[in-house]
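Residues per chain, in single letters:
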Amino acid sequence: MNAIDQNIIERRSIKKFKVDAVSVEEIIELLNVAKWAPNHKVNEPWRFLLYTDAGKEKFVQAFIESMCTPDGEVPPKVFNKADYFRSIPLHLVVVMPEDPRQRRWDEDYGAVSSMLQNFQLAAWERGIGMIWRSNDWIYNPVFREAIGVKPGEKIVATMMIGYPAHVPAKQERTDIREKLTIISE
């Protein structure tokens, strides 16, 4: 097995992070590697919002505000999740344009997804873990407006990034032969 194969198979989604800071410059380097993902006409349909240090509080407050009930109350479990978010070294919000043309939208989403997989694999090689989240609150207009996502843009992911405190065990995958139809004539 070559190194690329091994990295793909060994990468895990990380939910528990060490408190150690991750260099913003290293994240920029990784994104500069990840940008080589295939994307139609090299239109690079992505933009990023990186929350670090005290800036994470803006992300956390946007999350809390988006979770308010109609009467303005915040369920207690939201504060637990907010504390968890504060403990994660970096939050990267990945945004793409919402093109009304279905083909372009599909191509852009595929390109951003490919770029994010490149990012995860390159980071994993350097010992940096992350989890790709697309929770319900990323669709909430309160959250979107609070972090500066414009109308006509889609949040593809919130990437929570840090050095792994725990690496989950590998979960087996279905042999591809069970999902493959071969047409030879």
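The paragraphs below set out a description of the structure included in this document. Bear in mind the structure is a predicted one, so any value in this text is a computation, not a measurement. Going along each chain's sequence as written, the residues are numbered from 1 onward. Where totals are concerned, whole chains, interfaces and linings use all residues; where local detail is concerned, this predicted model gives features only for residues with pLDDT of at least 70, and gives and counts side-chain atom pairs only at 80 or more. For side-chain calculations, the full set of non-hydrogen atoms in the structure is used, while hydrogens and water are omitted.

So, about the nonpolar core. Here, nonpolar core refers to any group of buried Ala, Val, Leu, Ile, Met, Phe, Trp, Tyr and Cys residues whose side-chain atoms link them within 4.5 Å. Any residue under 20% of the maximum accessible area for its type is buried, any over 50% is exposed, and the rest in between are partly exposed; the area is computed with a 1.4 Å probe on protein chains only. Formed by 25 residues in total, the largest nonpolar core has its most connected members in I27, V112, M115, L116, F119, M159 and I161. To qualify as a helix, a DSSP run of H or I must reach at least 4 residues; to qualify as a strand, a run of E must reach at least 2; elements of each kind are numbered from the N terminus. Secondary-structure elements contributing two or more residues to this core are α2 (24–34), β2 (90–97), α5 (102–125) and β4 (153–162). No other element matches α5, which puts 8 residues into this core. Contacts are assigned to residue pairs with any non-hydrogen atoms lying within 4.5 Å of each other. Filtering out sequence-adjacent residues up to four positions away, I27 remains in contact with V22, L50, L90, F119 and I161. If you look at the next biggest cluster of nonpolar residues, it comprises 24 residues, including Y51, F63, V95 and V149.

Turning next to unusual backbone geometry. A positive phi angle is found at K41, which is not glycine, with a value near 60°. With respect to the secondary-structure elements, K41 resides in the loop between α2 and β1 (47–52). With phi around 50°, D53 is a residue other than glycine that occupies positive phi space. Along the chain, D53 falls in the loop between β1 and α3 (56–66). Classification of D53 by relative accessible area gives exposed; the value is 61%.

Any Lys or Arg side-chain nitrogen found within 4 Å of a carboxyl oxygen on Asp or Glu counts as a salt bridge. A complete count under the given rule lists 9 salt bridges for this structure. Its salt-bridge partner being R177, residue D175 comes within 2.9 Å of it at the nearest N-O pair. Classification of D175 by relative accessible area gives partly exposed; the value is 36%. Residue R177 is classed as exposed on the basis of its relative accessible area, which comes to 65%.

Moving on, we come to the packing of α2 against α5. When two helices pack together, their arrangement is given by the angle between the helix axes and the distance between those axes. Think of each axis as a best-fit line through the C-alpha atoms, taken over the contacting stretch in the case of a helix, with angles from 0 to 180 degrees between the N-to-C directions. Their axes nearest at 8 Å, the elements α2 and α5 cross at an angle of 130°. Judged by the inter-axis angle, α2 sits oblique to α5. In the crossing of α2 with α5, the sense of the turn from one axis to the other is right-handed. Contacts between α2 and α5 involve I27, L30, L31, V33 and A34 from the former and M115, N118, F119, A122 and A123 from the latter. Should an angle fall under 35 degrees it is taken as roughly parallel, and over 145 as roughly antiparallel, whereas 65 to 115 is taken as roughly perpendicular and any remaining angle as oblique. Crossing handedness is defined as follows: a turn of the near helix away from the far one that is anticlockwise and smaller than a right angle gives a left-handed crossing, while the clockwise case is right-handed.

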